[in-house]
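What follows is the residue order along each chain.
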Amino acid sequence: MTRVLAPFRLYRLAPLFVGAFVLSACGGIVPAANGPSSYGSANDAVQVGTGRDYPRADRSQRQTLGVGSAQTGFAISPSDRACHAELSAAGARFSPVPDTYAAPGCNMVGTVKLASLAGDSAQFGLSNLGAVKCQTAKAFNAWTRFGVDRAARQILGSPLARIETMGSYACRNIFGTSRRSAHATGNAIDVSGFVLADGRRITLKGDWSSGTKEEREFLRVVHRSACKRFGTVLGPEYNRAHEDHFHLEGTGARLCR
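Residues numbered from 1 in each chain as written. Predicted model: local features only at pLDDT ≥ 70, side-chain atom pairs only at ≥ 80, totals over all residues. Heavy atoms only, no water.

1. Overview of helix 4 (residues 134–156)
So, step 1. Taken as a whole, helix 4 carries its principal kink of about 35° at Thr 144.
So, step 2. Following helix 4 by one or two positions, Gly 157 adopts a phi angle in the positive range, close to 75°. (Bend = angle between axes of the 7 residues up to and from the residue. Helix = DSSP H or I, 4+ residues; strand = E, 2+ residues; numbered from the N terminus.)

2. Some remarks on the packing of helix 4 against helix 6 (residues 213–227)
So, step 1. For the pair helix 4 and helix 6, interaxial distance at closest approach is 10 Å and the crossing angle is 160°. Taken together, the axes of helix 4 and helix 6 lie roughly antiparallel to each other. The two elements helix 4 and helix 6 meet at a crossing, and its hand is right-handed. Between helix 4 and helix 6, the residues in contact are Trp 143, Gly 147, Val 148, Ala 151, Ala 152, Ile 155 and Leu 156 and Glu 214, Glu 215, Glu 217, Phe 218, Val 221, Val 222, Ser 225 and Ala 226, respectively.
So, step 2. Here the residues of the contact of helix 4 with helix 6 are counted per class, giving 10 nonpolar, two polar and three charged. (Axes fitted to C-alpha atoms, helices over the stretch in contact; angles between N-to-C directions. Parallel < 35°, antiparallel > 145°, perpendicular 65-115°, else oblique. Left-handed = near helix turned anticlockwise from the far one by under 90°. Contact = heavy atoms within 4.5 Å. Nonpolar A, V, L, I, M, F, W, Y, C, P; charged D, E, K, R; others polar.)

3. A few points about the confidence of the model for the protein
So, step 1. Looking at the protein as a whole, the pLDDT averages 77, with 70% of positions reaching at least 70.
So, step 2. Below pLDDT 50 for its whole length, residues 1–71 participates in 88 contacts with residues either more than four positions away or in separate chains. (pLDDT = per-residue confidence, 0-100.)

4. So, the packing of aromatic side chains
So, step 1. Taken as a whole and assessed by the stated rule, the structure comprises five aromatic pairs.
So, step 2. Members of the aromatic cluster, each reached through a chain of ring pairs, are Phe 140, Trp 143, Phe 194, Phe 218 and Phe 230.
So, step 3. Note that Arg 220 overlies the ring of Trp 208, its terminal NZ or CZ placed 4.0 Å from the centroid. (Phe/Tyr/Trp six-rings, centres within 6.5 Å; stacked < 30°, edge-to-face > 60°. Lys NZ or Arg CZ within 6 Å of the ring centre and 35° of its normal.)

5. Things to note about the nonpolar core
So, step 1. In terms of nonpolar packing, the biggest core is built from 39 residues, with Leu 114, Phe 140, Trp 143, Val 191, Phe 194, Phe 218 and Leu 248 touching the most fellow members.
So, step 2. Breaking this core down by element, the ones donating at least two residues are helix 3 (78–89), strand 4 (111–118), strand 5 (123–127), helix 4, strand 7 (160–167), strand 8 (188–196), helix 6 and strand 11 (246–249).
So, step 3. When residues of this core are assigned to their parent elements, the largest contribution, 10 residues, is made by helix 4.
So, step 4. Once residues lying within four places of it in the same chain are set aside, the contact partners of Trp 143 are Val 148, Ile 163, Val 191, Phe 194, Val 222, Ser 225, Ala 226, Arg 229, Phe 230 and Leu 248. (Core = buried A, V, L, I, M, F, W, Y, C linked by side-chain atoms within 4.5 Å. Buried < 20%, exposed > 50% of the residue type's maximum accessible area, 1.4 Å probe, protein only.)

What follows is the structure, given as structure tokens:
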């Protein structure tokens, strides 16, 4: 005799049928790229198929991050959360960026989008800067305040207003090699020039060798200051590829050229 399931029993079994169908269609559950240790629960949901694989935060993981930053809708690792707090306390304005994996060796993990940097009494604007590692952003903020702005006031007689860059994150190799550049993980910033409050614009391309005595001194002072804060600093005297910018890299071998 065939038994007929009561309606309420079918209702209770329906989620099991739906779940089995979803798993077969998606090929199973995809784990978070950074693992449970970075984001907490292994049951965090993962967004797949859009170039972004990152776990979504539950309500308890979302946070407001200090000066000018917005509430996030994704999980943040404890180490990044601590870095955000330090960057916020230093006065920088920024927004956390979701972890993104573009290609082998290319990712934006633990990066932030800087809106402005903090000086002794003012905020400094930024041009053309994308996502950057939080630790590198911290070094960049400190260098701008203590190395660039103060040197501009002392040597050129005007405060800094804006830093011009040639970008940060870029999925590419080191020129002439098969090795990924630090830019491929948002761990480097290329700085091309500085705009002062009085309207003057000092560039690496135009003023490293051909600027006034004061402009040339300013650029060399901020170069030496960068070497104290970043892991690798490359400038016009390194090679022709860097004649128009400072390459500021947050981690790696200690190199100042």
